[in-house]
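# Structural characterization, general
Residues per chain, in single letters:
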Amino acid sequence: MSSVQRSIFFSAAERYASMVLFFVSTAVLSRLLTPEEFGVYAVVMAVVMVLVTASQEFGGISFLIQKASLSDDDVRTAFTITFCLSMIIAICLYALAHAAGGLSGFDGLKSGMSVAVLYFMISPFSMTIIALHRRNMQFGVIAICNFAGNVVMVCVAIALAVMNYSYLAPIWGMIAGSTVQTACLIATRRDLRIFSPSLSGYAEIVRFGIYSSGVALINVFSNFAPQFFLARMLDFAAVGIYSRAINLTQVFDKLVTQVISPVIMPAICAQTNAGADLKRIYLHAVSLLTALHWPFLIFMAMMARPIILIWLGPTWLDVVPLIQLLSIGYLALFAASLTYPVLVAAGSVRDTLLSSLISLPPSLLVVFIASFFGVKAVAASTWLTLPFQAGVAIYFISRHLDLRVADLVHATGKSLVVMLCSGTAAALSSALVEYNVIGPLAGILVACIATAAAWLVALVAVRHPLLRELEAPANRVLSVMWRFAAGAPVAAARTDRDVC
């Protein structure tokens, strides 16, 4: 197994274990918290994520991953900058919590932001260690620490929600989980001198961080902007409903994109440094992602109602039309996870910022205008904003990779056929539920089986490149299962071709 495959395996193991916790906690908390309470939590988390992302990127977290030759001074300086900036943000956010509560007309926002400030005191330690582990492709260590933190976060959030802590329950859960995750990560480091202050070589880190944090800040803010607009124009209940819709639409990101995203940047940088063709890497990745991304979004659009009924309960049925609108809009973001690492690997981190500055302000204006017309209009606005953002990003990539429209059509053509076939199966299953031929739970099971079968048949029929990527892991799993059933030691299942 190659280092990339091994890294993806560990990342997937942690992500899917955490997804089980996500499904359980979402189902439980949706029955313990009202849409308004969840809306307050969503706004607090939006503020935290925007500021945390900016501080981490400016401090050089991505710099630590991509730098060809990394010294101890580089690490110490990156941590020092990140920590100092996080403390400044924490102090300012705490001071502004009162104003935020007054502007929103809801005192709960003040309490939530005051508690969330604690996260800024924890994150610099965990993010620095995670960056070093990612650089060294040590995703097994990250997986264990992240999962431990997620277990604590879910348990604390549910326990406090039962005790009527309302919107503060998931916020305190986040703080508790982050504390445990950081403690586990620190335990993996024998040398903690990386946390000693230093400003040696800060200019190089700051130069990279200006562009990197600018990109991160703009993109993260644009992701959470609808929540801010809805909170101001409507109410926290609308924010809660929209946030739930976004969370469910982005389940694919949790299942796939967030599994491979930590691996993408170090893997692409390593292959590019070794002389690999960046254009070929990009197009191959697009082909693989669309074969997974597009069918999943179509499935979510078709089966949204029965999924919400079973998972969240009838209280959240207003989420259904939003999921359907968002799923179609998100089809345009098939290559979003590749934009930043590919441009960095091409030596143009500046273009990542320029691309965001061109595409995101007009998109935010469209979302802001849509917020005057309600939450459905905000969801529908993604049909305009997301294709525009994707087009701008691909344009900048094409300047460095000599990419043409025909190349993208060729890379995604087979995936389009796969999406249509699997989407047809999902649509037929949805019709069975809609006309009460079968119940919601049975409909979901039938849809999963039928869609998966149609997806696999389509992959084989068009000879999709994804089949080659699935062949080796499938053979390895089957070999292990066969030897286990035969009573042979599992370790014997390794073959010469599996050795790195």
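## Notes on the overall build of the protein chain
- Along the protein chain, the regular secondary structure elements total 21 helices and zero strands.
- The 500 residues of the protein chain split such that 52% are buried.
- Taking as baseline every contact in the protein chain between residues at least 6 positions apart, the subset at least 24 positions apart corresponds to 83%.
- If you sum the accessible surface of the protein chain, you get close to 22500 Å²; carbon and sulfur atoms cover 68% of it.

## Points about the nonpolar core
- Within the largest apolar cluster, 92 residues are counted, with the highest numbers of intra-cluster contacts made by Tyr242, Leu248, Tyr282, Ile308, Val319, Ile323 and Leu338.
- Ranked by residues supplied to this core, first place goes to helix α12 (residues 278-302) with twelve residues.
- Not counting residues within four places of it along the chain, the set of residues in contact with Tyr242 comprises Pro226, Gln227, Leu230, Leu322, Leu326, Val375, Val378 and Ala379.
- Counting residues in each nonpolar core, the second largest holds 22 residues, with Ile129, Leu132, Phe139 and Ile205 among its members.

## Some details on unusual backbone geometry
- Even without glycine at this site, Ser166 takes up a positive phi of about 55 degrees.
- Positionally, Ser166 belongs in the loop between α7 (139-162) and α8 (168-187).
- Positive phi is not limited to glycine here, since Asn436 has a value of about 60 degrees.
- For Asn436, the position within the fold is in the loop between α19 (405-434) and α20 (440-462).
- Look at Asn436 and you get exposed, because its relative accessible area is 68%.

## Topic: the packing of aromatic side chains
- Under the definition given, this model contains 14 aromatic pairs.
- An angle of 55 degrees between the planes, with centres 5.1 Å apart, marks the rings of Phe79 and Phe125 as tilted. In this pair, Phe79 sits in helix α4 (residues 72-104) while Phe125 sits in helix α6 (residues 118-135), placing the two residues 46 residues apart along the sequence.
- The lysine or arginine in question, Arg244, covers the ring of Phe38, its NZ or CZ lying 3.8 Å from the ring centre.
- Of note, Arg244 hangs over the ring of Trp316, and the distance from its end group to the ring centre comes to 5.5 Å.

## Brief notes about the packing of α7 against α8
- One way to put it is that α7 packs onto α8 with a least axis distance of 7 Å and a crossing angle of 155 degrees. Here α8 runs roughly antiparallel to α7, going by the angle between their axes. Considering the relative orientation of α7 and α8, their crossing is right-handed. Only Ala169, Pro170, Trp172, Gly173, Met174, Ala176, Gly177, Val180, Gln181, Cys184 and Leu185 of α8 make contact with α7, whose side of the interface consists of Cys145, Asn146, Ala148, Gly149, Val152, Met153, Val156, Ala157, Leu160 and Ala161.
- Here the contact of α7 with α8 is built from residues that sort into 16 nonpolar, five polar and no charged.

## Re the packing of helix α13 (residues 304-311) against helix α14 (residues 319-329)
- Relative to each other, α13 and α14 sit at 135 degrees, their axes nearing to 9 Å. As far as their axial angle goes, α14 and α13 are oblique. Considering only the axes of α13 and α14, their crossing is right-handed. Between α13 and α14, the contacting residues are Ala304, Arg305 and Ile308 on the first element and Val319, Val320, Ile323 and Gln324 on the second.
- Looking at the contact of α13 with α14 residue by residue, the classes come out as five nonpolar, one polar and one charged.

## What to know about the pattern of salt bridges
- One pass over the structure, following the stated rule, counts two salt bridges.
- One salt bridge connects Arg76 with Asp73, and the closest N-O pair in it is separated by 3.3 Å. Taken together, the residues span about one helical turn, with Arg76 and Asp73 both in helix α4 at a distance of three residues.
- We classify Arg76 as partly exposed; its relative accessible area is 23%.
- For Asp73, a relative accessible area of 32% translates into the label partly exposed.

## Digging into the side chain of Ser198
- Relative to the helices and strands, Ser198 resides in the loop between α8 and α9 (202-233).
- Ser198 gets classed as buried once you look at its relative accessible area, which sits at 11%.
- One polar contact links Ser198 to Thr77, side chain to side chain, over a distance of 3.3 Å.

## Looking at the side chain of Gln181
- Position of Gln181 among the secondary structure elements: in helix α8.
- Of the polar contacts made by the side chain of Gln181, one reaches the side chain of Asn146; its length is 2.6 Å.
- For Gln181, the contacting residues outside a window of four places in its chain are Ser126, Ile130, Cys145, Asn146 and Gly149.

## Quick notes on α14
- Residues of α14 that are buried include every one of Val319, Val320, Leu322, Ile323, Leu326, Ser327 and Gly329, and no others.
- On its buried side, α14 packs onto α10 (236-249), α12, α13, α17 (375-380) and α18 (382-401).

## As for a nonpolar patch on the surface
- A contiguous nonpolar surface patch, about 470 Å² in accessible area, is contributed by Leu32, Val162, Met163, Tyr165 and Trp172.
- On the secondary structure map, Leu32 appears in helix α1 (residues 3-32).

## Observations concerning the confidence of the model for the protein chain
- Taken over all residues, the pLDDT of the protein chain has a mean of 80, while the share at 70 or more is 81%.
- In this model residues 489-500 is a low-confidence stretch, pLDDT under 50, and it forms 15 contacts with partners more than four residues away in sequence or in other chains.

## Quick notes on α7
- Taking 1.5 Å of rise per residue, the 24 residues of α7 would be expected to cover 34 Å, and the 34 Å separating its terminal C-alpha atoms lies within 8% of that figure.
- Positive phi shows up at Asn164, right after α7, with a value of about 65 degrees.

## A closer look at the environment of Ile81
- Here Ile81 is to be found in helix α4.
- Placed 117 residues apart in sequence, Ile81 and Ser198 show a C-alpha to C-alpha distance of 8.6 Å.

What counts and how
- All residue numbers here refer to positions counted from 1 along the written sequence of the relevant chain.
- The predicted origin of the model limits local features to residues at a pLDDT of at least 70 and limits the giving and counting of side-chain atom pairs to 80 or more, whereas totals for whole chains, interfaces and linings rest on all residues.
- Hydrogens and water molecules were not included; the side-chain quantities draw on all heavy atoms of the structure.
- What counts as a helix is a DSSP run of H or I of at least four residues, what counts as a strand is a run of E of at least two, and both are numbered from the N terminus.
- In this scheme, a residue with accessible area under 20% of its type's maximum is buried, one over 50% is exposed, and one in between is partly exposed, where area comes from a 1.4 Å probe on protein chains only.
- In this description, contact between two residues means that some pair of their heavy atoms is separated by no more than 4.5 Å.
- Using a 1.4 Å probe, accessible areas were evaluated by the Shrake-Rupley method; residue-level cover was limited to the displayed protein chains.
- What makes a nonpolar core is a set of buried Ala, Val, Leu, Ile, Met, Phe, Trp, Tyr and Cys residues whose side-chain atoms join them at distances within 4.5 Å.
- Side-chain rings of Phe, Tyr and Trp, where Trp is taken by its six-membered ring, are said to pair if the distance between their centres is within 6.5 Å; with planes under 30 degrees apart they count as stacked, over 60 as edge-to-face, and otherwise as tilted.
- Charges are assigned to positions over rings by a cutoff of 6 Å between ring centre and Lys NZ or Arg CZ, combined with an angular limit of 35 degrees from the ring normal.
- Where helices are involved, their axes are fitted lines through C-alpha atoms of the stretch in contact, as for all axes, and angles between N-to-C directions lie from 0 to 180°.
- Oblique is the label for every angle not falling under 35 degrees (roughly parallel), over 145 degrees (roughly antiparallel), or within 65 to 115 degrees (roughly perpendicular).
- A clockwise turn of the near helix away from the far one marks a right-handed crossing, whereas an anticlockwise turn of less than a right angle marks a left-handed crossing.
- Residue type decides the class: Asp, Glu, Lys and Arg count as charged, Ala, Val, Leu, Ile, Met, Phe, Trp, Tyr, Cys and Pro as nonpolar, and the leftover types, Gly among them, as polar.
- A carboxyl oxygen of Asp or Glu within 4 Å of a side-chain nitrogen of Lys or Arg is what we treat as a salt bridge.
- We define a polar contact as two N or O atoms separated by no more than 3.5 Å, with the added condition that, inside protein, one atom must be a possible hydrogen donor and the other a possible acceptor, whereas residues neighbouring each other in sequence contribute only through side-chain atom pairs.
- Patch membership needs two things, relative accessible area over 30% and no salt bridge, and members are linked within 9 Å if like-charged or within 5 Å if nonpolar (Val, Leu, Ile, Met, Phe, Trp, Tyr).
- Think of pLDDT as the predictor's per-residue confidence, scored from 0 to 100.
- By this rule, a helix spans an expected 1.5 Å times one less than how many residues it contains.

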